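Each chain, written out:
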Amino acid sequence: MALRKMIRVGEKTSPWIKRQLKEAGLKAEDIKCKEDLAKLPYTTKDTLRENYPFGLLACPLDKVVRFHASSGTTGKSTVVYYTQEDINVWSGLMARVLKTTGLTNKDIMQIIYNYGFFTGGFGFHYGAEKLGVSVIPSGSGNTKKQLEIMKDFNTTSFTSTPSYALHLAEVAKEMGMDPDKDLKLRQGVFGGEPWSEAIRKQIEKSFGIDAYDNYGLSEMCGPGIACECEQKDGLHFWEDYFILEVIDPKTGEVLPEGEKGELVFTPLWKEAMPLLRYRTRDISRIIVDECECGLPFRKIERITGRSDDMLIIRGVNIFPSQIEEVISMHPAFKGHYQIVVEKKGFMDSITINMEVTEKLFSGSLSDLLKVQRELEESLRSTFFIKADVKLVEEGSMPRSVGKAQRVIDLRGVKK
Ligand SMILES: [Zn+2]
């Protein structure tokens with residue numbers, strides 16, 4: 001069995017796995033099945049930071065063919081390493097993702113992700129090539145050029161963050177283009193940040209495409225862990241390559257199947273950087289029902305947020321994605337918003353800045369106030385706290401080429 005083999009090898013080659021086993025008072029042969037994994041301590045982001053840069057290496061450095069690193073938004077960046085075999089498996093997993101979302105060798109895919117330390121660009125690139133898709137490695141940024149390429153090359157598919165996809169649609173309109181009629185796009189695969197059903201609908205409508213969610217993280221390989229099928233109702237995860245546990249983020253206890261908690265993955269094939277029980281901090285749950293598409297892998301729900309993104313406002317736990325869910329139900333929602341949290345006196349105060357169309361913004365004040373009141377009322381009745389809504393003009397918020405910054409938490413920031 002893959003798990004037993006992985007741990008047997010890991011005990012010999014990875015100083016970290018050896019330590020994990022020792023801490024639990026176990027030997028590799030004591031871990032016989034998935035349930036036995038629960039006897040081992042977790043691997044966390046801190047493990048990676050503490051072992052920066054090469055402490056988690058489980059093979060000679062001359063077998064390593066690639067490094068990727070996270071940007072390190074909180075603290076020191078973290079590094080991941082790959083052997084050629086690790087890259088081959090990763091490419092296969094990504095090819096499976098793209099095939100599941102309906103891509104074939106007839107497609108032309110534009111990869112609007114940064115090619116660099118970030119795993120997104122290369123992950124999609126290798127997966128698409130393996131599937132025989134024609135790849136346009138256009139990279140991130142330069143929005144007008146991206147659209148020109150889409151038009152000139154008859155691009156049928158693209159990948160980016162969902163917020164950047166919305167930005168592309170806006171710029172297309174500014175350029176006098178109708179992205180639905182003037183482009184040949186038929187589908188897109190998005191990820192890198194949590195997004196709601198409303199944003200999906202908006203992307204699909206703007207471009208006339210099917211928009212699919214995918215999931216991954218660099219510590220496992222990058223993108224390529226899970227994706228949606230044509231049902232667009234949960235993401236199949238590749239159970240033949242990853243063992244998934246769902247745990248209570250506070251206590252670390254493994255939860256029964258179907259309960260919501262933090263995702264913990266153990267990859268089963270890695271050579272350069274095998275990890276046992278990696279805590280992703282991403283919150284979701286396993287969907288128990290079988291999928292109509294017939295894939296033999298279970299699904300997880302779309303990620304609602306990361307345990308460390310959770311905002312605690314006056315004692316209430318709120319994920320930014322839950323706020324998006326509430327405000328996106330309102331017809332005035334256009335996809336761009338920002339949540340600002342600050343201290344007013346001793347109290348937490350929360351303001352949601354939301355863009356509305358120019359027509360509404362410069363129309364009658366009473367219409368504008370009505371929208372504002374409706375949104376504040378929906379937020380209050382959902383979270384039982386007062387949140388202020390400030391409506392701003394379309395295009396007035398910063399657009400990002402990568403992940404959108406949805407939350408500005410000014411608590412703890414000295415003025
Ligand atoms: Zn399915």
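That block above? That's the structure.
Residues numbered from 1 in each chain as written. Predicted model: local features only at pLDDT ≥ 70, side-chain atom pairs only at ≥ 80, totals over all residues. Heavy atoms only, no water.

### Overview of the packing of helix α4 (residues 84–100) against helix α5 (residues 119–131)
Running from N to C, α4 and α5 cross one another at 75°; their axes reach a closest spacing of 7 Å. Taken together, the axes of α4 and α5 lie roughly perpendicular to each other. Listed contacts from α5 to Trp90, Ser91, Gly92, Met94, Ala95, Leu98 and Lys99 of α4 are Thr119, Phe122, Gly123, Phe124, Tyr126, Gly127, Ala128, Lys130 and Leu131. Considering only residue class, the contact of α4 with α5 consists of 9 nonpolar, 5 polar and 2 charged. (Axes fitted to C-alpha atoms, helices over the stretch in contact; angles between N-to-C directions. Helix = DSSP H or I, 4+ residues; strand = E, 2+ residues; numbered from the N terminus. Parallel < 35°, antiparallel > 145°, perpendicular 65-115°, else oblique. Contact = heavy atoms within 4.5 Å. Nonpolar A, V, L, I, M, F, W, Y, C, P; charged D, E, K, R; others polar.)

### Details of the nonpolar core
The nonpolar side chains of a soluble globular protein tend to be buried, and buried together. Counting residues in each nonpolar core, the largest one holds 50 residues, and the members touching the most others are Leu98, Met109, Tyr215, Phe242 and Ile300. Looking at which element gives the most residues to this core, the answer is α4, with 7 residues. Contacts of Ile300, omitting those with residues within four sequence positions, involve Tyr215, Ala226, Gly234, Leu235, Phe237, Leu244, Leu263, Ser284, Arg285, Ile286 and Ile287. Of all hydrophobic cores here, the second largest spans 46 residues; its members include Leu147, Ala169, Phe333 and Met354. (Core = buried A, V, L, I, M, F, W, Y, C linked by side-chain atoms within 4.5 Å. Buried < 20%, exposed > 50% of the residue type's maximum accessible area, 1.4 Å probe, protein only.)

### Focus: the sheet that holds strand β10 (residues 242–247)
Strand order in this open sheet of 4 strands is β10-β11-β12-β15, and the pairing throughout is antiparallel. Two strands close off the open sheet at either side, each with one partner strand: β10 and β15 (305–306). Pairing analysis gives 2 bridges linking strand β12 (residues 278–284) to β15, with the strands arranged antiparallel. Residue pairing for β15: Asp282 is matched across the bridge by Arg306. (Pairing = 2+ DSSP bridges.)

### Some details on the coordination of the zinc ion
For the zinc ion, the full set of protein donor atoms is Cys229 (SG), His236 (NE2), Cys291 (SG) and Cys293 (SG), and the range of their distances to it is 2.1 to 2.3 Å. Coordination at the zinc ion comes from 4 donor atoms whose angles at the metal span 102 to 114°, giving a geometry best classed as tetrahedral. Expressed as a motif, the donor residue spacing for the zinc ion is C-x6-H-x54-C-x1-C. Residue His236 is located in strand β9 (residues 235–237), and its partner Cys291 is located in the loop between β13 (286–287) and β14 (299–300); the two are separated by 55 residues in the primary sequence. (Donors = N, O, S within 2.8 Å, 3.2 Å for Na, K, Ca; no water. Tetrahedral: all angles 85-135°; square planar, octahedral: opposite > 155°, others 65-115°.)

### Focus on the packing of aromatic side chains
Counting across every chain of the model gives 17 aromatic pairs. Ring centres 5.2 Å apart and planes at 75° place the aromatic pair Tyr115 and Phe122 in the edge-to-face group. Ring centres 6.2 Å apart and planes at 35° place the aromatic pair Tyr215 and Phe265 in the tilted group. A residue pair is termed long-range when its members are at least 10 positions apart, and Tyr215 in strand β7 (residues 210–217) and Phe265 in strand β11 (residues 261–267) qualify at 50 residues. Of the residues examined, Phe265 reaches a relative accessible area of 0% and is grouped as buried. Among the aromatic residues, those joined into a cluster by ring pairs are Tyr215, Tyr241, Phe242, Phe265 and Trp269. (Phe/Tyr/Trp six-rings, centres within 6.5 Å; stacked < 30°, edge-to-face > 60°.)

### Details of a nonpolar patch on the surface
A surface patch of nonpolar side chains, about 400 Å² in accessible area, is lined by Phe54, Leu61, Phe67 and Phe117. You can see Leu61 is positioned in the loop between α3 (45–50) and β1 (64–69). By relative accessible area, Leu61 is classed as partly exposed at 44%. (Patch = residues over 30% accessible without salt bridge, like charges linked within 9 Å, V, L, I, M, F, W, Y side chains within 5 Å. Areas by Shrake-Rupley, 256 points an atom, 1.4 Å probe, with all protein chains shown as cover. Salt bridge = Lys/Arg side-chain N within 4 Å of Asp/Glu carboxyl O.)

### Quick notes on unusual backbone geometry
Residue Pro53 is bonded to the preceding Tyr52 through a cis peptide linkage, with omega at -5°. Locating Pro53 in the fold gives a position in the loop between α3 and β1. In this structure, Asn154 takes a positive phi of about 55° despite not being glycine. On the accessibility criterion, Asn154 (38% relative accessible area) is partly exposed. The phi angle at Arg281 is positive, at roughly 70°, despite the residue not being glycine. Checked against the element boundaries, Arg281 lands in strand β12.

### Brief notes about the pairing of strand β8 (residues 222–228)
Here β8 lies mainly inside the structure; 7 of its 7 residues are buried. Judged from the 4 bridges that link them, β7 and β8 form a sheet pairing that is antiparallel. In the sheet register, Asn214 faces β8, and the bridge partner there is Cys227. If you look at the hairpin formed by β7 and β8, you'll find 4 residues sitting between the two strands. A loop of 6 residues connects β8 with β9, the two strands running antiparallel in sequence, and Lys232 in this loop sits at a positive phi of about 50°.

### A few points about the sheet that holds strand β21 (residues 407–409)
Reading across the sheet, the 4 strands line up as β20-β19-β18-β21 and stay open at both edges, with mixed pairing between neighbours. Across the chains shown, the open sheet's two edge strands, defined by having one partner strand only, are β20 (388–393) and β21. For this sheet the average axis-to-axis angle between neighbouring strands, irrespective of direction, equals 20°. Here strand β19 (residues 347–356) pairs with β20 via 6 bridges, running parallel. Considered in β20, the bridge of Met354 is made with Leu391. Strand contacts of helix α11 (residues 365–383): β19 and β20, with the helix running at about 140° to β20, the strand carrying the most contacts.

### As for a positive patch on the surface
Together, Arg4, Lys5, Arg8, Lys12 and Lys32 make up a positively charged patch on the protein surface. Within the fold, Lys12 resides in helix α1 (residues 2–13). By relative accessible area, Lys12 is classed as exposed at 72%. (Lys, Arg positive; Asp, Glu negative; His and termini not counted. Charge placed at Lys NZ, Arg CZ, Asp CG, Glu CD.)

### Some points on the pattern of salt bridges
Note on pairing: side chains with opposite charge can pair once their charged atoms come close. Evaluated as defined, the whole model comprises 31 salt bridges. With a closest N to O distance of 2.6 Å, Asp210 and Lys232 form a salt bridge. Linking Asp210 in strand β7 with Lys232 in the loop between β8 and β9, this pair joins segments that are 22 residues apart in sequence. One salt-bridge network, in which partners are shared between bridges, spans Glu197, Arg200, Lys201, Asp213, Glu228 and Arg302.

By themselves, these figures tell us nothing about what the structure is for.
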